[in-house]
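What follows is each chain in one-letter form.
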Amino acid sequence: MATPSATTTTTTLTKDLTFLIMQFLDEDKWKDTLHKLQQESGYFFDMKYFEELLLEGNWNEVEKYLSGFTKVDDNRYSMKIFFEIRKQKYLEALDRHDRATAVDILVKDLKVFAGFNEDLYKEITQLLTLNNFRDNAQLSAYADIRTARAIMAQELKKLVEANPSFREKLQFPSIKSSRLRTLINQSLNWQHSLCPNPKQNPEIKTLFVDHTCRHSNDPFAHLAANGQAQQMGAVQRADGFIPIGVNGSFQPPIAPVPIPPPLSTWTSIPPSVNQLAASAGGIGFGSPANPASYLNGPANPEDLFRTRFPGVSDRVMLPGVNPGHVLSPAFNAIDEFPKAVARILNQGSVPTSMDFHPLQQTILLVGTSMGDISVWEVSSREKLVSRSFQPWDMGASSMILKATLVKDPSVSVKRVLWSPDGSLFGVAYSKHMMQLYGYFGGDDVRQHLEIDAHVGSVNDLAFCNPTKQLCVITCGDDKAIKVWDAATGSKLYTFEGHEAPVHSVCPHSKEHVHFVFSTSVDGQIKAWLYEVVGPRVNYDAPSLSCTTMVYSADGKRLFSCGTSKDGESHVVEWNENEGTIKRNYQGFQKQSLGVVQFDTTRNKYLAVGDDYAIKVWDMDNINLLATIDAEGGLPATPRIRFNKEGSLLAVSANDNRIKVLATTDGLRLMRNHESLSLIASRNAPEKNGSTRSMEDNKKPKLTEELKPAKIWKPTEISETARLRSLRLSTTTVKTDKISRLVYTNSGNAILALSSNGTHLLWRWPQADRSTIGKATTNVTPKFVEQGSGILMINDLTGAKPEDAIPCFALSKNDSYVMSASGGKISLFNLMTFKTMTTFMSPPPVVTCLAFHPEDNNIVAVGFDDSTIHIYNVRIDEVRIKLKGHSKRVTGLAFSQLLKTLVSSGADAQIVVWSSDKWERQKNSFLQVPAWTTPTALFGTHLQYQKDQNHFLVVHETQLAVYETLRLECQKKWVVGESSASISYATFSCDSQFVYASFLDGTVRVFAALNLQMQCQINPYAYLPPNVSSATYPLVVAANPQEPNQFAVGLTDGAVIMFEPLESGDNWGVPPPADNGCFHASTSANGSSLELQS
C-alpha cells in the first residue's frame, strides 16, 4: 500500500507532467488540445483564452471551459460570473429583436437564479415587454455589443481573480522553454552514455523504447529496428524537435551526416542553411573526442546540453575583485568620467529619452513626457529645434489610433535615437506612432517617414542594417517586433512570440550574422534571426525584471539592466557562450522607485540612474566604483545618456531640466564649439553682403549688458474694461453658494454643485452639426434643463448641513458624475440627469471623490472618519480600506503615469499610496504657519500637474508643488499673516499657471514654474458695485483646452468666467526667475505685494 507521502509526490509529479505537456502543446500551436487539457485537468485557467471567447460571444465554449474549474452554485463569485455571462447573452438576443432566443435563454439559463433573487429575475423578464431594453433606467448606459462584452470581460476577470475556486490556477508555472524536449534529450544522452559501443553519430528512430547503439553487422540490429517500427507504428513529424544548437532540446537526425566542427553559437547559423544540417553535430552530445569517456556517465549532466559559442574560452570568470584593480570611493583618473555639471538646460517638460548626435557630439536630441522633441546645442544652451506631437497625415492613420487620440490626446515620447550617421533620427511615441526626421544640421529638421507601427505604445526603436540597407526596428505593447525599411517605410519582418508587451530591442551582428535581442515586461529575453521564424534563444532576466540590453561600444560584451515589479534592480553582464550571467554588479541598496536606465561608455564604464544619483561601475569589477549626485536635484530614476566619446553625460533632473556633466575633454569640446560658433557668427554676411568687424559685434553686446534691469511688477486688474468676463446664473432653479465647479473634459460645458446638493449645467451651443460647442465669454451658454423637469439633486438622507463637505467627480468621457453632499453618494447620467444608483449611507460622511484613471468603475472615496475606501461601483463592493490619516480626508488625486494615489487630510498630512497594490509608500506634513486658525470646513485639496509627476497642494495658508516619489516640497507660496485665506486653486490646462481665489474676493494668477504671482484681479473688476461683502469665490475651475480661460463659483450661486482682454494674450507678464518666493501682505488698498527672500 502506498504511503500518503508517496501518493502526494506522485500527484505532484503528475501535475508537473501535465504542465509540461501544456507547454509542449502551446509551443507546437495545438491550441484546441491545449485548452481541452486545461479544462479537463483543472490545473490552469487561461484568462487570455477566456477573454477571447467572451469577446467573440462564443457562449457555449465559455461555459464549457468554465465548467472545468467551477460550477454555478460553488460560491457567490461563481454565481455572479455565470449570471453576467447569461445576462449578456440574453441582452444580445433582445438587441437583435430575437425574442424566441431571448425567451429560451430566460427559461433555460437564467431561471436557475430565480431561487436566489426572485425580484431580479422578474425585472429581467419584464425587459421582454420593452421595445428597447435601454429604456430601463439601469440599462440606459448600455452601448453596443462589442463595448458591452469588453466591459463584462474586465469585470469577470476581477471576479475570477477574487474567486477561491481559481486560487493558484491563474498563474502558469515558470518553466524554461521546451522543458519536456530538454528532459527527453537528457534521457537520450544518458542512455547513449551507457551504450557499450557508443557511436559518434547515433541514430534515434523512436522514443518508445530505450536507446542503444547497434552496429550494422549486429545480427539483431535490423530486427530490433524493424520490430520497433512495426510494433509501435512510430511516425516522425516533419519538423522534429528544436535543434540542440538553439535551446538545448533534442532533434533526431533523419539520416547520418558527417560530423561537423563543434557546435557554434546560434548567431552563426546562416539563415539560408537548413536548421537540421546546422545542428547535426552528434545530436547535441558535444562530439566528444573520446566517446568511451562517457561510459561511466557524465559528472554533471547539465554540461552535456550547453551551447558552445565560437572563439570564446570555456573558462568562466567568476564575479569578484580583480587583483589588478584598486578600489577607490572616487575615480583615480578624474578626467575619464564626466562628473562636473557644465550645463543646465530647461526643457519645459519631463525628459523621457535622450541621445547625442554620433558625429556632432554636442548636439543632444530629447523627447519628453508631453510628446515634445527638441534638439539642443548643449555648448551654447540653445534649443535649435522644438516639435510637439502631431500626426503628419491623420487621414492615413488607423481608426484605432484616431479613436485613441480622441479619447485621450495625451502622448509621451518613449524613445529618441539618431541613426548611425546622424542623418536621421527616430521618435517612438506612447500611442501607435513612430516618426523619422531627416537632420541637415543646425535647426534644419524635415519630416521623413511616419509609420503607424504598433497597436498601443511603441516602446523602443533601434537602427539596424541586416540587408545592406538602413532599417529601423520597433517593438510595442502589441507584443510584436517589426523591422521597417528606413527609406520607404515598408515592413520587412515581423517577430512574434512574446507573451507580454515588448519593452526594448537590441540589434547586433557577429561574423556577418545579424540578430536581435528583445525583452518584454514579464522578464523574458528572446533572440531572433531575421530570416528564421520564431525566437532562437529564450532567457529569463534576473528576477524577471523589465530589462534593457546593450552591447559595449566595441560590440564584444553584452549587458542588461532592469527592475522587477518589486523594485529589485540588476545590472549584469551575460556570458554569450552559456546564456548565463557572467557578472552581477552590486550596489543597489534598496528598492528602486521605477525602472532604472543605464548606459555604457569607453568600453570600460557602466552607469545607472538610481536612488536620485548616478551609480558607476568598472565593467571588470562587480563592486560599485562611484556615486555621482550631480549637485543634487535628480529624480529617483534619472534618465542618462553619454555622447560617443564619453566626455559628456546628459542626466534628467527635477523641474523639467537636463544637466550635462563633462570631463575636462568635454569642457574643452564645448569651449571649442562655442569659439567656432562665435567666429562664424562674427564673420556671417549681413543681408546687404557686408561683413561686420569684431569691434562692431562687441559694441551692441556691451551696450546690452550695461542696460539697467527693468523693474518688474505683477499686473493688477481693477476695471471691467481690462478683461473679458461672463456671469452664468439661473432663475429657474433655486441655488445656494457654489461649492464645487468643473469644466467638462470636452471643454464645451461647465458643471457646478451648489451647497444644497443641486447640480447646474451650462453648455455652449454647436457652431454646426460637425463641431461641438466651445466655452467662451463671447457667447452665453444654455442652462441645461430636462423636459421632464428632472434635476440632478444629491441624496441628502441622513445629511447634517454643518458636517457636509460637498464633493463630486466627473468621468473621463463626460457621461457620469459621482457626487455627495453629506448624504449618500449619487451616480448621475449627465446626458439624461437620471440617478443611476446611490450607495454608502452616512456615517461616515463622504468628503471627497476621485475616479480611477484607468477604470471608471473604480472610485476612491474619502471619509470624515479619516479612511479611504476603494470602491467598485459595478459589483457594489469595497475592495480595500486605506488607513493613514488621523482626521477627515479632504483631497484625492491619481497619477496614471506613476500608478499612485495621493491623499490629503485635515491633519495637514499628505500620503502617497500605490494604486496597484494599495500600499502606503510615503507620507509628509504641511508646514502650517503658527498663527493659523484652521477653518472648520476648509481642507487641503490636490491636483496633479500635466506631467503626472508633480502635484499642487492647496491649503488655506499656502500653495505648494510636491514631487511625488520623494514627496518633497519643491516650491511654495505662503499667505501673509494679515491677508485673506485661499479658498481654492487649480492648474491651467497646460500647467503653466495656477489660478487661485481668496476669501477677500481677489483672484490671482501665479506662474507655475516658481509660484510667483504675475496677475491679480480685484473683486470690483468682475463684481457689481453694490454686491455684498459676503460674496466671494469659493472654487476655481480651469478650461481643459484654453490655458488662459478659467471660472470661479461664488457664494451667491453664480459662476463667473474669465479671459484676457485680447484673444491669445496672457494674464500679465511672466515674473523674472528668482530664488525667493512671494508672500502676500496687505497695504491700505489691500493690493500690494512683498518679496520675501
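Residues numbered from 1 in each chain as written. Predicted model: local features only at pLDDT ≥ 70, side-chain atom pairs only at ≥ 80, totals over all residues. Heavy atoms only, no water.

> Honestly, the environment of Arg920 in this entry has me stumped. Any pointers?
With respect to the helices and strands, the residue Arg920 is situated in strand β46 (residues 920–925). Each C-alpha atom of the pair Arg920 and Leu901 lies 9.3 Å from the other, and the pair is 19 residues apart in sequence. Among all residues touching Arg920, those that are not within four sequence positions of it are Gly884, Gln909, Val911, Val912 and Trp913. (Helix = DSSP H or I, 4+ residues; strand = E, 2+ residues; numbered from the N terminus. Contact = heavy atoms within 4.5 Å.)

> Help me understand the pairing of strand β17 (residues 537–540) in this model?
Two faces make up the sheet, and in a regular strand the side chains alternate between them. Side chains Val537 and Tyr539 of β17 all project onto a buried face; the interleaved residues Asn538 and Asp540 project onto a face where none is buried. Pairing analysis gives 4 bridges linking strand β16 (residues 524–529) to β17, with the strands arranged antiparallel. Residue Gln524 lies in a different strand from β17, and its bridge partner there is Asp540. (Buried < 20%, exposed > 50% of the residue type's maximum accessible area, 1.4 Å probe, protein only. Pairing = 2+ DSSP bridges.)

> It is not clear to me how the packing of helix α3 (residues 47–56) against helix α8 (residues 145–162) should be interpreted in this structure. Could you clarify?
Think of two packed helices as two axes; the pair is described by the angle between the axes and how far apart they sit. It is the contact of α3 with α8, at a shortest axis distance of 9 Å, that shows an interaxial angle of 150°. With respect to each other, α3 and α8 are oriented roughly antiparallel. By crossing handedness, the relation of α3 to α8 is classed as right-handed. Mapping the contact onto sequence places Met47, Phe50, Glu51, Leu54, Leu55 and Glu56 in α3 and Arg149, Ala150, Met152, Ala153, Leu156, Lys157, Val160 and Glu161 in α8. When grouped by side-chain class, the residues that make up the contact of α3 with α8 number 9 nonpolar, no polar and 5 charged. (Axes fitted to C-alpha atoms, helices over the stretch in contact; angles between N-to-C directions. Parallel < 35°, antiparallel > 145°, perpendicular 65-115°, else oblique. Left-handed = near helix turned anticlockwise from the far one by under 90°. Nonpolar A, V, L, I, M, F, W, Y, C, P; charged D, E, K, R; others polar.)

> Would you mind showing me how to read the packing of aromatic side chains here?
Two aromatic rings are characterised by how far apart their centres lie and by the angle between their planes. Going through the model one piece at a time under the given rule, you end up with 42 aromatic pairs. Plain terms: the ring middles of Trp418 and Phe425 are 5.2 Å apart, the flat faces sit at 75° to each other, and that makes the pair edge-to-face. Under the relative-accessibility criterion, Trp418 is labelled buried at 4%. On the accessibility criterion, Phe425 (1% relative accessible area) is buried. Relative to Tyr962, the ring of Phe951 lies with its centre 5.7 Å away and its plane at 10°, an arrangement referred to as stacked. Of the two residues, Phe951 is situated in strand β48 (residues 950–955) and Tyr962 in strand β49 (residues 958–963); the sequence distance between them amounts to 11 residues. Taken together, Phe45, Tyr49, Phe50, Tyr65, Phe69 and Phe166 form an aromatic cluster joined through their ring pairs. Directly above the aromatic system of Tyr77 lies the positively charged group of Arg76, at a separation of 4.6 Å from the ring centroid. Against the face of Phe998 rests Arg1004, its NZ or CZ located 4.4 Å from the ring centre. (Phe/Tyr/Trp six-rings, centres within 6.5 Å; stacked < 30°, edge-to-face > 60°. Lys NZ or Arg CZ within 6 Å of the ring centre and 35° of its normal.)

> What is the right way to look at the sheet that holds strand β11 (residues 471–476) in this model?
Backbone-to-backbone hydrogen bonds pair the strands of a sheet. The strands run either parallel or antiparallel. A sheet is described by the order of its strands in space; here 4 strands give the open sequence β10-β11-β12-β13, paired in antiparallel fashion. The sheet terminates laterally at β10 (458–464) and β13 (491–496), the two strands that pair on one side only. Along the sheet, successive strands turn relative to each other by an average axial angle of 20°, direction set aside. With 5 bridges joining them, β11 and strand β12 (residues 480–485) adopt antiparallel strand pairing. Within β12, the residue paired with Thr474 across the bridge is Lys482.

> Explanation requested: the pattern of salt bridges in the structure shown.
Side chains that carry opposite charge are capable of pairing whenever their charged atoms lie near each other. Under the counting rule described, the total for this entry stands at 34 salt bridges. With a closest N to O distance of 4.0 Å, Arg96 and Asp98 form a salt bridge. Classification of Arg96 by relative accessible area gives partly exposed; the value is 47%. A salt bridge links Asp1052 to Arg727, with the nearest nitrogen and oxygen atoms 2.8 Å apart. Here Asp1052, found in the loop between β56 (1046–1050) and β57 (1055–1060), pairs with Arg727, found in strand β30 (residues 723–728); they are 325 residues apart in sequence, far enough to count as distant. The exposure class of Asp1052 is partly exposed, given its relative accessible area of 32%. (Salt bridge = Lys/Arg side-chain N within 4 Å of Asp/Glu carboxyl O.)

Take it as geometry only, folks, not as evidence of what the structure does.
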